[in-house]
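Residues per chain are reported as follows:
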Amino acid sequence: MHGLSFDIAHLLAGGLVLTSFMLLYQDRLYALLNVFALQAFVLFLSVAWQAYAQGAPHLYVTAAIALVLKAIVIPGALHRIVARLGIHREVETIGGIGLTMLAGIGLVALSMVVILRATPAAAPLAREDLALSLSVVLLGLLMMVTRRNAVSQVVGFMSMENGLILAGTGAQGMPLVVEISIAFSVLIAFIVIGIFLFQIRERFDTVDSRVLDTFRGERS
Amino acid sequence: MPSAVGALSATATVITLWCVVGFLAMAFMAVAACVLCRLRDPLPIVSSPDVSSLANGAQPQHNGTPFIYGLCAFVSLLILAAALASLLSGAGGGEVVLPLGLPFVGAHFRIDSLAAFFLIVVNLGGFGASLYGIGYGRHEHEPARVLPFFPAFLAGMNLVVMAHDAFTFLFAWELMSLASWALVMAHHRQPGNARAGFVYLVMAVLGTLMLFLTFGLLAGTVGDYSFSAIRAHPVSTPLAGAVLGLALLGTGSKAGLVPLHVWLPLAHPAAPSHVSALMSGVMTKVAIYAFIRLVFDLLGPPDWWWGMPVMALGAATAVLGILYAMEETDLKGILAYSTIENIGVIFVGLGLALAFKANALPVAAALALTAGLFHIFNHALFKSVLFFGAGAVLTATGLRRLDLLGGLIHRLPVTAPLFLAACLAISALPPLNGFASEWLIFQSILLSPQLPQWGMKLLVPTVGALLALAAALAAACFVRVFGIVFLGRPRSAVASEAREVDRWSLGAMTGGVGLCLLAGILPGVFIDGMAPAVAALIGARMPPQTSLQWLSIVPVAESRSSYNGLLVFLFSALSAGLAAWAIRRFGSHVTRRAPVWDCGFPDPSPVTQYSAASFAQPIRRVFGGLVFGARERVEMPAPGDLAAAKISVTRHDFIWEGIYEPVTRMVLLAASVFDRTQALTIRHYLGFVFLALIGLLMVPALWS
């Protein structure tokens, strides 16, 4: 792979990590959903570029799935859910945004150290891709851990899936089945969590998952 | 003809494997037969069959029982013959690989000389127990709880000895553990048996875990778990020490090394008596086989210090085991504790062999190992007979407590002399076999000045002194057992109405005693028979004994020591016969009537006899304060008060209180701590996953 296409792939993957940090930084639900749509769009660009650079046409399918589902359908649906349920529009964080961002920087450093050290023999593009996608996965998990609101936990979960898709497309020769299955798992997770949100909302008039604990009799 | 010899040995392996298949088939057959029986005439469910109903009263008929036990005896005999042929022909052992177990790895089986020797021990015990079971099993109320597991137990023990890769070994080891656990739980409604089964299960799991770690370290990063591969890649020195420790823990927990012995005196008496005989006489030996296989064979050349922990543990086991036996008042419990003592004696022999082997003294090492193996064989014999005897007492009276027995020599005229002979053998009195093997162990202890290390020079005589103490206490212990159970007057009504047991039981005991006598009179034959196994492990063997004059044995040199069991036997038989004849011939023939000696109490009540506790009192006064923290309290009534004086003894089991109770408390504490993690929020669990992931990623980031 020549220098320019490598640089572009690198740029797009780095953009994915950047959008992950943007996700961590948001404290409004609508803004969060918009940033998530942006991340999905960056993922679409990245996958499409991989498809072009690797000459692997099946990756265009993955890119299309990312664009349609993740950048349009799911953020739109979540927008509607938030609007219809009248959910509190602020994202409640644990530990403060600044601290979370610092932890995120540590996670990116960690995944760089681990992956770059573990794969000295792999192609340079695959190495960078793997390292960046592990960062995205870890940042998504960090978001799930540090957010109380169920909607933002769903977003964290799906940004994890974005990282996985980036890893799957970065490695050359990964069959299409994997990407399709990932896309479907995301869809199913979205459906399940959507229903789950409705259920919580109907029962408790809020989507704060702390209410669940109160209901179980663990906190007063 | 190496090829023909190899073929013969592989034949033995194949025959034995078919026999094991036979055992397993019998287990299934027994299950099927029991199900059919239950379908045909459903037995009334006995709510609590207490021990006394085992006595002569009810004798349920079970036609399948003699059949199964008879088949077991036959198959054991077959394996015995195959193993004997394999050992005597001295074949190196062909390996048989079956496409079972792990795919592409298979199950490896091989009978080398060591395995052949242990197969003989296992199947001799199995044959005796099966024969005994033909008679004893008739009194079993719920044969469906015993019959299926008995052949499975035999199959497991045979497989452990034959296994030649770690997976097969561990599988067979677990089969043996689980089958014996089921047999321990056969009478699960009797008080205490459920606890015995639980403790046994926990200790068995612990032992298997240790063996898993042992094999993991042995196989290392090579990843080939067959014994030949392990042998080809010996582990490095610091790891070898860890393997030795793990092997001691893993096999010691099954063999009954102090302080891992706690399950043994609970579980062995709980099983039916012929199974107790198998567990005490044979299963502990299979554990010792595992130790020998691991440490002498697979672990490579020993370091000089390896013998020290083995010997020290062995000596402590011997002394503590027999002291516990002195305090015990349950007949089968005493036998179980005495098993612990003998295991200690055997481990001392093995530890000496390790020390000599490490210091390049192969002849002395061969002597010590031969002594250990010979004692393994002997203990399997006489401990089986003793448990058979205890089973006979149980059948005849339904009692196991010494304080309720007595005077059985009149009621059980055949069992009593057989039991006495086994008591003599285990007390190491010539001309029986116990003396021959313990004498060999002491001979190897006397060779210890040849060891160069000062630690050994100091340790070995101490160990020798402890062994001598244990041997003397064992004699005292079995005087107590025989005296309380068979002599004196009956202490309960049941004991005074006991009836002699059936011929199968007596036949099994007679055979065992006959072999004890044979091994005691002709130890040279047995020592030479074991020589191939010893030579394979040490690289040297004891000088051949059968060619010596007068069938005596000379372990080192004629000028140092020699022993002739035949002469001792002939001398003692002749002198005893002459004395008896002289007393009959020259003594007074006038019948005199006189009161029996009454201990100074003219009261005819049997309570005035020495009891089991009073017989043990002198020894308890000497050692009890130190070993058991025993305290005696005497309550004398005030003068003029007619109340009875009372003596009460409190004892502590320091091992249980010092090791097991704190561990139990820690487990419960940890359980209550971790219980809190069972009801956290989803976010907390996600946090755990996150932290675990970060922790795992930190490992490759910080390492390398």
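Basis of the calculations
- Residues numbered from 1 in each chain as written.
- Chains lettered and ligands numbered in written order.
- Predicted model: local features only at pLDDT ≥ 70, side-chain atom pairs only at ≥ 80, totals over all residues.
- Heavy atoms only, no water.
- Helix = DSSP H or I, 4+ residues; strand = E, 2+ residues; numbered from the N terminus.
- Rg over C-alpha atoms; globule rule 2.2 N^0.38 Å.
- Buried < 20%, exposed > 50% of the residue type's maximum accessible area, 1.4 Å probe, protein only.
- Contact = heavy atoms within 4.5 Å.
- Areas by Shrake-Rupley, 256 points an atom, 1.4 Å probe, with all protein chains shown as cover.
- Domains from an automatic or database assignment.
- Patch = residues over 30% accessible without salt bridge, like charges linked within 9 Å, V, L, I, M, F, W, Y side chains within 5 Å.
- Salt bridge = Lys/Arg side-chain N within 4 Å of Asp/Glu carboxyl O.
- Expected span 1.5 Å × (residues − 1).
- pLDDT = per-residue confidence, 0-100.
- Buried area = accessible area lost by both parts, 1.4 Å probe.
- Polar contact = N/O pair within 3.5 Å; in protein donor to acceptor, adjacent residues only side chain to side chain.
- Nonpolar A, V, L, I, M, F, W, Y, C, P; charged D, E, K, R; others polar.
- Core = buried A, V, L, I, M, F, W, Y, C linked by side-chain atoms within 4.5 Å.
- Axes fitted to C-alpha atoms, helices over the stretch in contact; angles between N-to-C directions.
- Parallel < 35°, antiparallel > 145°, perpendicular 65-115°, else oblique.
- Left-handed = near helix turned anticlockwise from the far one by under 90°.
- Pairing = 2+ DSSP bridges.
- Phe/Tyr/Trp six-rings, centres within 6.5 Å; stacked < 30°, edge-to-face > 60°.

## Things to note about the overall build of chain B
When you go through chain B residue by residue, the secondary structure sums to 24 helices and four strands. The C-alpha atoms of chain B give 27 Å as radius of gyration, which agrees with the globular expectation for 704 residues (27 Å, within 12%). With the C-alpha coordinates aligned to their principal axes, the bounding extent of chain B is approximately 95 × 75 × 60 Å. Here chain B, with 704 residues, has 53% of them falling under the buried criterion. Considering only contacts within chain B whose residues lie at least 6 apart along the sequence, 80% involve residues at least 24 apart.

## Some thoughts on the overall build of chain A
The helix and strand tally for chain A stands at eight helices and zero strands. Buried residues in chain A amount to 50% of all 220 residues. Approximately 9800 Å² of chain A is accessible, and the part contributed by carbon and sulfur atoms is 69%.

## Some thoughts on the side chain of S113(B)
Within the fold, S113(B) resides in helix 3 (residues 113–136). Its relative accessible area of 10% is what places S113(B) among the buried residues.

## Here's the deal with the domain arrangement of chain B
Taken domain by domain, chain B consists of domain 1 (303–579) and domain 2 (654–673 + 680–702). A straight line from the C-alpha centre of domain 1 of chain B to that of domain 2 of chain B covers 47 Å.

## A word on a nonpolar patch on the surface
All names here are of chain B. The grouping of V31, V35, L36 and L39 at the surface amounts to a nonpolar patch, some 390 Å² of accessible area in total. Summarising the element assignment, L39 is placed in helix 1 (residues 2–40). Here L39 falls in the exposed class, since its relative accessible area comes to 66%.

## Re helix 5 (residues 124–146) of chain A
Taking 1.5 Å per residue as the helical rise, helix 5 of chain A with its 23 residues ought to reach 33 Å, and the 33 Å between its terminal C-alpha atoms agrees with that figure. Burial analysis of helix 5 of chain A places 20 of its 23 residues in the buried class, the great majority of the element.

## Describing the pattern of salt bridges
Residue and element names in this part refer to chain B. According to the stated counting rule, one finds 13 salt bridges over all chains in the structure shown. Between R620 and E327 there is a salt bridge, with the nearest N and O atoms lying 3.7 Å from each other. Here E327 lies in helix 11 (residues 307–327) and R620 lies in helix 22 (residues 612–627), a separation of 293 residues in the sequence. One exposure class covers both R620 and E327, and it is buried. Residues joined in a network through salt bridges with shared partners are E327, R620, R621, E632 and R651.

## What about the confidence of the model for chain B?
Model confidence for chain B is summarised by a mean pLDDT of 87, while 94% of its residues fall at 70 or above. The model gives residues 1–6 of chain B a pLDDT under 50, and that stretch makes two contacts with residues more than four places away or in other chains.

## Side note on the interface of chain A and chain B
Every contact between the two is made by 19 residues of chain A and, on the other side, 17 residues of chain B. In total, chain A and chain B occlude about 1500 Å² of area from one another, counting both sides; carbon and sulfur atoms represent 74% of this. On inspection of chain A and its partner chain B, the count reaches zero salt bridges. Counting every contact that joins chain A to chain B gives one residue pair in polar contact (both at pLDDT 80 or more). Looking at the side of chain A that touches chain B, the elements that each hand over two or more residues are helix 4 (97–118) and helix 5 of chain A. Split into classes, the residues belonging to the side of chain A that touches chain B amount to eleven nonpolar, one polar and seven charged.

## Notes on the side chain of S444(B)
Residue and element names in this part refer to chain B. Structurally, S444 can be placed in helix 16 (residues 433–446). There is a polar contact of 2.7 Å between the side chain of S444 and the backbone oxygen of I441. Those residues in contact with S444 that lie beyond four places of it in its chain are L352, F356, L367 and A368.

## Side note on the nonpolar core
By size, the foremost hydrophobic cluster in this structure holds 216 residues, and its most contacted members are M157(B), F169(B), F215(B), F347(B) and L373(B). Among the elements that make up this core, the one with the highest residue count is helix 13 (residues 362–397) of chain B (23 residues). Not counting the four nearest positions on each side in its chain, F347(B) is found in contact with L248(B), A255(B), L257(B), I288(B), F291(B), V310(B) and G314(B). The next biggest cluster of nonpolar side chains, apart from the first, holds 58 residues, and it includes F21(A), V35(A), V186(A) and L697(B).

## Regarding unusual backbone geometry
Residues and elements named next belong to chain B. Between V258 and the following residue, P259, the backbone shows a cis peptide bond with an omega angle of 5°. Position of P259 relative to the elements: it lies in the loop between helix 8 (237–255) and helix 9 (264–270). With an omega of 5°, the peptide bond running from P430 to P431 counts as cis. Structurally, P431 can be placed in the loop between helix 15 (415–426) and helix 16. Phi at A360 takes a positive value of approximately 60°, unusual for a residue other than glycine. Note that A360 resides in the loop between helix 12 (331–358) and helix 13. Of the residues examined, A360 reaches a relative accessible area of 61% and is grouped as exposed. Positive phi, normally seen in glycine, also occurs at A428, with a value near 60°.

## Observations regarding the packing of helix 4 of chain A against helix 24 (residues 682–702) of chain B
Packing of helix 4 of chain A against helix 24 of chain B brings their axes to within 9 Å, and their N-to-C directions diverge by 45°. One finds that helix 4 of chain A runs oblique with respect to helix 24 of chain B. Taken as a pair, helix 4 of chain A and helix 24 of chain B cross one another with a handedness that is left-handed. Taking contact as the criterion, the partners of L107(A), L110(A), V113(A), V114(A) and R117(A) in helix 4 of chain A are, on helix 24 of chain B, F690(B), I694(B), L697(B), M698(B), P700(B), A701(B) and L702(B). Here the contact of helix 4 of chain A with helix 24 of chain B is composed, by residue class, of eleven nonpolar, no polar and one charged.

## Some details on the pairing of strand 2 (residues 107–110) of chain B
All names here are of chain B. Residues of strand 2 alternate between two faces, with A107 and F109 on one and H108 and R110 on the opposite face, all of them buried. By the bridge criterion, four bridges tie strand 1 (residues 95–98) to strand 2 in an arrangement that is antiparallel. By the bridge assignment, V97 is partnered in strand 2 with H108.

## What to know about the packing of helix 17 (residues 454–486) of chain B against helix 22 of chain B
Residue and element names in this part refer to chain B. Viewed as axis vectors pointing N to C, helix 17 and helix 22 meet at an angle of 160°, and their least axial separation amounts to 9 Å. Relative to helix 22, the element helix 17 is oriented roughly antiparallel. When you trace helix 17 past helix 22, the crossing you get is right-handed. Each of L469, L473, A476, V479, R480 and I484 in helix 17 lies in contact with helix 22, whose residues at this interface are A612, F615, A616, I619 and F623. Its residues assigned to classes, the contact of helix 17 with helix 22 shows ten nonpolar, no polar and one charged.

## Some remarks on the environment of L515(B)
Residue and element names in this part refer to chain B. When you line up the elements, L515 lands in helix 19 (residues 503–521). Look at L515 and you get partly exposed, because its relative accessible area is 26%. Taking C-alpha positions, L515 is 8.7 Å from N433, a pair spaced 82 residues apart along the chain. When residues no more than four places from it in sequence are discounted, the contact partners of L515 are L124 and L381.

## Notes on the packing of aromatic side chains
Residues and elements named next belong to chain B. Enumeration over the complete set of coordinates arrives at 27 aromatic pairs over all chains. Between Y132 and F388 the ring centres are 4.4 Å apart and the planes differ by 10°, which places this aromatic pair in the stacked class. Pair noted here: Y132 is in helix 3 and F388 is in helix 13, with a separation of 256 residues, a long-range link. In this structure F388 comes out as buried when scored by relative accessible area, which is 2%. When the centroid spacing of 5.0 Å and the interplanar angle of 25° are considered together, the rings of F482 and F486 count as stacked. Here F482 pairs with F486, and both are found in helix 17, just four residues apart, close to one helical turn. Accessibility assignment for this pair places F482 and F486 in one class, buried.

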